[in-house]
Structure formats: structure tokens, C-alpha cells
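So the chains spell out like this:
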Amino acid sequence: MTSKKNITGSEALIHCLLAEGVDLIYGYPGGAIMPFYDELYKFQDKLQHVLTRHEQGATHAAQGFARVSGKVGVCVATSGPGATNLVTGIADAMIDSTPMVCLTGQVPSHLLGSDAFQETDIIGISTPVTKWNYQITDVAEIPEVMAKAFYIARSGRPGPVLVDITKDAQFASFDFDYTPCKGVRSYKPIPEINTTSIDAAAAIIEKAEKPLIVWGQGVILGKAEAEFKAFVEKSNIPAAWTILGVSAIATDHPLNVGMVGMHGNYGPNMLTNECDVLIAIGMRFDDRVTGNLESYAKQAKIIHLEIDPAEINKNVDADVAVLGDVKQTLPLLTEKVTAKPYENWFAAFKKHDEIEFDKVIKNDLHPTKDGLTMGEVLKEINRASNNDAVIVSDVGQHQMIACRYARFSNSKSNVTSGGLGTMGFALPAALGAKMGAPEREVVAIIGDGGFQMTIQELGTIFQTQAAVKVVVLNNDFLGMVRQWQQLFFDKRYASTEMVNPDFVKIAEGYFLDAKRVTTRDDLGSAIDEMIASDKPYFLEVCVEKESNVFPMIPSGASVSDIRLS
């Protein structure tokens, strides 16, 4: 417990953050939050503030920080447009279960509802995209509300919380006492474990001849990587991942059979509709994973291990639901399973892998044509970083290529916008990731479209000197939309071709080391130079304009309808 006599609400906010172990926040000042910033000025030795160039950048940076550090990310903005500029990042954090606390200033209490200058009902606006939100008008509420905010953000299935604080509450004084929150009435973040469901799941697995594990980010959020690996290895069951689950176990683990979903690997997608038992662990059966639900794994018994009861039977009906924290439930299930060889089943995966290599991977990673592919850029980054970089990808073709071909040795290594698909995510998120794990190599993979949505955060990278490595894969198109236009709209490239500026000159204008690569002969040495640098570095790689990402499951199709070309 922390106690202070007769301090302002602004100082109380600082002490709340420090009590929760926060030492780094991202934000942008303004009128309604100015009292907080004035107090923050006095605590610069204890609480680092990073001035992003846009409030959306602050949210994405906080997300990147949270995703690699496992801590709660914190961002701050003023009222009105400052607060509304946070909404995209908050929505992104909500759907991807990222723990984040957002503080917004608000007009004085007596002006609420009067359409005062820079007044916006951020509570009403953010309610659908926050795990919890609250508006403080009484200074005495600050300690309890802030403690509750951090508890809710990090507990159970994590998510974003917003606390809106009126300007008069920041100026007012009171006697401060802070006690961290240990629980909230009627909120049960971790369901009780029903051992009957564990027994039922084990019984189904015991009879399986063609079982398949599909795991998601819940394994990483639950800090259950060791328990998951133990389950996979003891059961000897092939395991596939969603894009947010990748890196929970190493990509070269012999039981890791690749990615499921719209641009996932051929084998795990096709064999989803042939397995007899599907064990879903910490994933939510997103439509990009399942394709058409009417034909998704109908032949299989479904076992769903999940912390959030709302996800059970939401999209796919489970034969057995194992509710609880996977860090606790997985060891109980591991005790009860025994390994089988599954020789024919593994042979089926190998057969599909060979088909995919011949039809897709060989062309992506070992091209014979002159134009550079996105895949070979990832291959070179893997080599130069010894398969140990944190890869932060934006949204589009490059994102799917990064998820398909990046190689990971450690957990919390893939940071991307999954559920919301937010272009502009990667540049600020990479900054946050680097500050959350400064000892790790952080490489941002961004398309030329998404890069220009938050390009101003190059200024934040320059000011902080965070050694982020920024790679823009430039094909002069909004590539994923163009791919759909080519395949499904008779090549009517409506509003997808980009007329781009000189990205290298822009990066150099921010005083960053920068280089452009246009030929294969220069690619490896340029990436070596980038990885070797101990400073921020910008690399533009000009890739083929009209290459496509395959495999691909057309929207609304079955996973069995996956296309290789």
C-alpha cells in the first residue's frame, strides 16, 4: 500500500502507475490532460514518457510493448480528438487480447454534456472496444479506479481498459492511499477447472487415430509455453498454429506442422477436414482460420481449451470444453495422455508439405526470375538474425509472407495485428516492442501502403534512438487488395496502385541510416548491414509488383478449397 498526504489528482495518477510497476508510457499532451503532464515533468527519473507523433501511434506502441514484455502497456491522450485517435488501437487491442491501460483527459466536470471545446463522450465511444472503462470526476476515486483498471486489463483474458479523468479531478487534492486490486465482485477472470472435462478430453484423445492440435495466442498470454510443449511432446500429436500463436514453440520443432487459416500451410488446412479429433488450445475459431463453418471439421470431435467462456460454442461447437487457464489445465491433461506413433497421419502431412513446397514455397524462397520476392527477404532476415528476431508485421501480403516464412526460436516473437487487421500498426508497434525487449533484435516488416499511415513515427524512433530495423517491402500497390482484385474482380485494380515518394530520402530526413535494394545481388549484404547496426535502420526492398500470396482459401470457402495458385 502507498500513502501520501494531500496530493493532487495528477500526482496521484503518477503514484498509481509507479505502484503498478509502470516505468514507461506513450502519449501526446493537450489541454485536458495538461495537469497530468505537468506532474509527470517532476517524475522523469522514475517514469519515462515517449512522445509519439500521433495518438494512434501511442496505442500501437503500447501494444507492441505489452506483446513482447508480457506487461500492461500504458498510453495517454487528451480529450476530444486526442481520445478519439486512440480508438483504433484500443479496438485492435481488444480483439487481440492485449493488456493496455489508456488514460484520457476530459473537460472539467461542470462542462460535461455542454459540447465544450474538445469534449467528446469517449466512454460511450470506447465502450464496445474496451474490456472496461470509467470516467473519474471525483479525485477520491482515482486510487480505486486505477487499481481496478490494471487488474482487469491483465487478468484472465487480457484486454484494454480506458480511464477518463476530468481536468478538475486532476487539479483537486486529497489524502492518497493505494492498494493494488486483488479481485472485483462478479468478475471471475479464471473459470474453475472441472476435472470431469479433463477426463472426457483424455478419453477422446486416447481413441484418436488422426488427432490435430490447433493452438493460438492463449498459450502465450497464459505463459504456458513450457506446459504446451510438454503436452505436444508427450501426446506426439501434430500441432498447427494461428498467426497470433506462432512462436509458442519453435517453428522448427518436429511436431510443428505449420499455420492454419486463409494463407496458412496446405497440410494443416486440408487435414483439418480429415482429422478425427481437433484439440483447440487458446484460440477462438476466427473466420480466417475456419473458412466456411458449415464445412469446418465436421468429421472431428472438438476439444476446446479456453479461458473465456464466451468463446465456447460461439463459432464451433465443442464436444468437450475445458475451461480454465491453460497453464493449469494443460498439465492435468498431459498426465492422462499417452503417445501413439500416428505414422500414416504424419505421412499425410509430409505428402502435403511436399506438394506445397513444389507449388509455392520453392518459388517464394528460391525464385529463378529476376524480380525479388517477399519470401526471400524473410529468408535473408532469418539467416542474418539466426532465427531469433522479433518480427513485427503490418497488414497485407507482406504480413502473410512474414507469418509464413519467419523462423522463431523463442516465444513472444511475432507481433502483428490479427483480428482487426490494422494497417499502420507495425511501425509504432515495433518501437514499443524494442523498448519492451531492448536486448532483442526487432525487425518491422511493412508494406508501402501501411507504412504511410503512420510514417510520422519515424520521428519517434529518431528521438528515442530505439534500434528498430524497419523493412518496407515496396511493390507500389496495396498488395492484398490488388490480389483479390486480380483473382475475383477480373483485374480491375481500382484505387490500389500507389504513387510513392522516395522513402529513403524521407528516412534520411529523420536522420536515420537508410538504403534501397532493387536486385538480388545486393539483398544479403544490405540485410547484414542492417542487422549489424546498433542504431535505427531503414531498408526499402523493391519487390515484384504483381506477385500473389499462396496458398489461399477464398473468402467464404471451405478450408478444403485451399488454392495453391
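See the structure printed just above.
Just so you know, these numbers come straight off a predicted model, no measurement behind them. (Residues numbered from 1 in each chain as written. Predicted model: local features only at pLDDT ≥ 70, side-chain atom pairs only at ≥ 80, totals over all residues. Heavy atoms only, no water.)

S.K.: How would you summarise the packing of helix α11 (residues 225-235) against helix α14 (residues 326-336) if you had to cite specific residues and measurements?
M.R.: Look at α11 against α14: their axes get within 9 Å of each other, and the N-to-C directions meet at 20 degrees. The angle between the axes of α11 and α14 places the two elements in the roughly parallel class. As α11 runs across α14, the sense of the crossing is left-handed. Of the residues in α14, those touching α11 at E227, F228, A230, F231 and K234 are K327, L330, P331, L333, T334 and E335. Considering only residue class, the contact of α11 with α14 consists of six nonpolar, one polar and four charged. (Axes fitted to C-alpha atoms, helices over the stretch in contact; angles between N-to-C directions. Helix = DSSP H or I, 4+ residues; strand = E, 2+ residues; numbered from the N terminus. Parallel < 35°, antiparallel > 145°, perpendicular 65-115°, else oblique. Left-handed = near helix turned anticlockwise from the far one by under 90°. Contact = heavy atoms within 4.5 Å. Nonpolar A, V, L, I, M, F, W, Y, C, P; charged D, E, K, R; others polar.)

S.K.: Go over the environment of S547 with me, naming the residues and quoting the values.
M.R.: Here S547 shows up in the segment after β20 (537-542). The exposure class assigned to S547 is partly exposed, which follows from its relative accessible area of 22%. (Buried < 20%, exposed > 50% of the residue type's maximum accessible area, 1.4 Å probe, protein only.)

S.K.: Any chance you could break down the sheet that holds β20 for me, citing the residues and the numbers?
M.R.: One open sheet accounts for six strands, arranged β16-β15-β17-β18-β20-β19; its pairing is parallel. Looking at the sheet topology across the chains shown, the edges are occupied by β16 (414-416) and β19 (513-517). Strand-to-strand twist of the sheet, defined as the mean angle between neighbouring strand axes without regard to direction, takes the value 15 degrees. Summarising the sheet, β19 and β20 pair through five bridges and their orientation is parallel. (Pairing = 2+ DSSP bridges.)

S.K.: With reference to specific residues and values, describe the side chain of E225.
M.R.: Mapped onto the elements of the fold, E225 is located in helix α11. When its relative accessible area of 15% is taken as the criterion, E225 is described as buried. Once you skip the residues sitting within four places of it in the chain, E225 turns out to touch V219, I220, A248, S411 and K412.

S.K.: Outline the side chain of T78, supporting the account with residue identities and numerical values.
M.R.: Relative to the assigned elements, T78 resides in the loop between β4 (73-77) and α4 (81-84). A distance of 3.1 Å separates a polar side-chain atom of T78 from the backbone nitrogen of A32. Other than its neighbours up to four places away in sequence, T78 contacts Y28, P29, G30, G31, A32, I33, A83, T104 and G105. (Polar contact = N/O pair within 3.5 Å; in protein donor to acceptor, adjacent residues only side chain to side chain.)

S.K.: Provide a residue-level description of the sheet that holds strand β10 (residues 239-241), including the pertinent values.
M.R.: If you walk across this open sheet you meet the six strands as β11-β10-β9-β12-β13-β14, and the pairing is parallel. Every other strand in the sheet has two partners, leaving β11 (256-259) and β14 (320-323) as the edge strands with one partner each. On average, each strand axis in the sheet is inclined to that of its neighbour by 20 degrees, with strand direction left out of account. Of the pairings in the sheet, the one linking strand β13 (residues 301-306) to β14 comprises four bridges and is parallel in character. Counted as the bridge partner of E306 is L323 from β14. In this fold α11 packs onto β9 (211-215), β10 and β12 (277-281), with an angle of close to 170 degrees to the strand it touches most, β9.

S.K.: Explain helix α16 (residues 374-385) to me, and be specific about the residues and the numbers.
M.R.: With 12 residues, α16 should reach 16 Å at 1.5 Å per residue; the first-to-last C-alpha distance of 17 Å fits that figure. Within α16, nine of the 12 residues are buried, which leaves the element mostly enclosed by the surrounding structure. Regarding α16, the residues found buried are M374, G375, E376, V377, L378, E380, I381, N382 and S385. Positioned one or two residues after α16, N386 has a phi angle of 55 degrees, which is positive. (Expected span 1.5 Å × (residues − 1).)

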